Amino acid sequence: SQKIEQNSEALNIQEGKTATLTCNYTNYSPAYLQWYRQDPGRGPVFLLLIRENEKEKRKERLKVTFDTTLKQSLFHITASQPADSATYLCALTEMDSSYKLIFGSGTRLLVRP
Amino acid sequence: EADIYQTPRYLVIGTGKKITLECSQTMGHDKMYWYQQDPGMELHLIHYSYGVNSTEKGDLSSESTVSRIRTEHFPLTLESARPSHTSQYLCASRDRDNSPLHFGNGTRLTVT
């Protein structure tokens, strides 16, 4: 069956450390993978997009990697801050279904001051 | 900074009532979407639209209906609400396939 897996347990880290979140997928052929941030009671907010022929993308303190062999994307936040505390969702688009974005259930990140 | 608006933010309603959840965007996007999300769970696509007079059902079976008479407006209607409809409903838009989605802040619906 098809699935997108993100760690359901919250990631709890100290301020200043690098947070690394994982997104694994099974039985999908993604053309694109996107990461979103969601705060409680809010809609998701787009962060980064990476294409299947790209290995890495960066934006300020954020970095995303995409390994189609491992079927995995990693999302890194360097020099984390308490304000980074939120739920982070990964989502993919398949090559033959470009109309829809399929979401994982997200990982909650808690950054302690 | 949101250019996509959903009303109401919260709605508590009794079983059997008809409700309409409103969604409007000011970005001129042709593509609009409705997702359903339960706490701690993934978003499920329930409806989408490619433009005016275009509506399609998503992957998750839903008893709701949608309409797209104007580009900026994509309301969702439940003819007869049931407790199983209790959930958060998120509206989103984008200008083309594979570009990022812009989400509203959702409507949290509780059916008693």
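A brief look at the structure comes next. (Residues numbered from 1 in each chain as written. Chains lettered and ligands numbered in written order. Predicted model: local features only at pLDDT ≥ 70, side-chain atom pairs only at ≥ 80, totals over all residues. Heavy atoms only, no water.)

Details of the side chain of Ser-73 of chain A
Residue and element names in this part refer to chain A.
Okay, so step 1: Residue placement: Ser-73 occurs in strand S8 (residues 72–77).
Okay, so step 2: A polar contact of 3.1 Å, which involves the side chain of Ser-73, links it to the side chain of Trp-35.
Okay, so step 3: A distance of 2.8 Å separates a polar side-chain atom of Ser-73 from the backbone oxygen of Thr-65.
Okay, so step 4: Other than its neighbours up to four places away in sequence, Ser-73 contacts Leu-21, Thr-22, Cys-23, Leu-33, Trp-35, Val-64, Thr-65 and Phe-66. (Helix = DSSP H or I, 4+ residues; strand = E, 2+ residues; numbered from the N terminus. Polar contact = N/O pair within 3.5 Å; in protein donor to acceptor, adjacent residues only side chain to side chain. Contact = heavy atoms within 4.5 Å.)

Quick look at the sheet that holds strand S1 (residues 3–6) of chain A
Residues and elements named next belong to chain A.
Okay, so step 1: Spatially, the five strands line up as an open sheet ordered S1-S3-S8-S7-S6, and their pairing is antiparallel. For this open sheet the edge positions go to S1 and strand S6 (56–59), each flanked by a neighbour on one side alone. The mean angle between the axes of side-by-side strands here comes to 15 degrees, regardless of whether they run parallel or antiparallel.
Okay, so step 2: One ladder, built from six bridges, connects strand S3 (residues 19–26) with S8; its direction is antiparallel. Within S8, the residue paired with Thr-22 across the bridge is Leu-74. (Pairing = 2+ DSSP bridges. Axes fitted to C-alpha atoms, helices over the stretch in contact; angles between N-to-C directions.)

Focus on the nonpolar core
For soluble globular proteins, nonpolar side chains are generally found buried alongside one another.
Okay, so step 1: Counting 24 residues, the largest nonpolar core has Ile-4, Trp-35, Phe-75, Ile-77, Tyr-88 and Leu-109 of chain A as the members making the most contacts within it.
Okay, so step 2: Where this core is concerned, the elements lending two or more residues are S3, strand S4 (30–38), strand S5 (45–51), strand S7 (62–67), S8, strand S9 (86–94) and strand S11 (107–112) of chain A.
Okay, so step 3: In contact with Tyr-88 of chain A, not counting residues within four places along its chain, are Gln-6, Leu-21, Trp-35, Tyr-36, Arg-37, Leu-47, Phe-75, Ile-77, Gly-106, Thr-107 and Leu-109 of chain A.
Okay, so step 4: By size, the runner-up hydrophobic cluster in this structure holds 17 residues, among which are Ile-19, Phe-74, Ala-81 and Cys-91 of chain B. (Core = buried A, V, L, I, M, F, W, Y, C linked by side-chain atoms within 4.5 Å. Buried < 20%, exposed > 50% of the residue type's maximum accessible area, 1.4 Å probe, protein only.)

A look at the interface of chain A and chain B
Interface extent is often summarised as the accessible area lost during association of the parts.
Okay, so step 1: The interface of chain A with chain B comprises 19 residues on the first partner and 23 residues on the second.
Okay, so step 2: For the pair chain A and chain B, the two sides together bury roughly 1,800 Å², of which 49% comes from carbon and sulfur.
Okay, so step 3: The tally of links from chain A across to chain B stands at one salt bridge.
Okay, so step 4: Close ionic contact of Asp-59 of chain B with Lys-100 of chain A constitutes a salt bridge, the shortest N to O distance being 2.9 Å.
Okay, so step 5: In this structure, the connection of chain A to chain B is made through ten residue pairs in polar contact (both at pLDDT 80 or more).
Okay, so step 6: Within the residue set of the side of chain A that touches chain B, elements represented by two or more residues are S4, S5 and S9 of chain A.
Okay, so step 7: Looking at the side of chain A that touches chain B, its residues break down into nine nonpolar, eight polar and two charged. (Buried area = accessible area lost by both parts, 1.4 Å probe. Salt bridge = Lys/Arg side-chain N within 4 Å of Asp/Glu carboxyl O. Nonpolar A, V, L, I, M, F, W, Y, C, P; charged D, E, K, R; others polar.)

Section: the packing of aromatic side chains
Okay, so step 1: Considering all chains together, one arrives at twelve aromatic pairs over all chains under this definition.
Okay, so step 2: Consider the rings of Tyr-33 of chain B and Tyr-48 of chain B, whose centres lie 6.4 Å apart with planes at 20 degrees: the pair is stacked. With a gap of 15 residues between them, Tyr-33 of chain B in strand S4 (residues 31–37) and Tyr-48 of chain B in strand S5 (residues 43–51) connect regions that are remote in the sequence.
Okay, so step 3: Their ring planes at 70 degrees and their centres at 5.7 Å tell us that Tyr-48 of chain B and Tyr-50 of chain B sit as a pair that is edge-to-face.
Okay, so step 4: Ring pairing ties together the aromatic residues Tyr-36, Phe-46 and Phe-103 of chain A together with Tyr-35 and Phe-103 of chain B, which thus form one cluster.
Okay, so step 5: A cation sits over an aromatic face here: Arg-68 of chain B above Phe-74 of chain B, 5.8 Å from the ring centre. (Phe/Tyr/Trp six-rings, centres within 6.5 Å; stacked < 30°, edge-to-face > 60°. Lys NZ or Arg CZ within 6 Å of the ring centre and 35° of its normal.)

Some remarks on the pattern of salt bridges
Residues and elements named next belong to chain B.
Okay, so step 1: Evaluated as defined, the whole model comprises eleven salt bridges over all chains.
Okay, so step 2: In this structure, Arg-82 and Glu-63 form a salt bridge, with 2.6 Å as the shortest nitrogen-oxygen distance. Separated by 19 residues along the polypeptide, Arg-82 in the loop between strand S8 (76–78) and strand S9 (87–94) and Glu-63 in the loop between strand S6 (54–57) and strand S7 (65–66) bring together distant segments of the chain.
Okay, so step 3: Of the charged contacts in the structure, one is a salt bridge between Arg-96 and Asp-95, with a shortest N-O distance of 3.2 Å.

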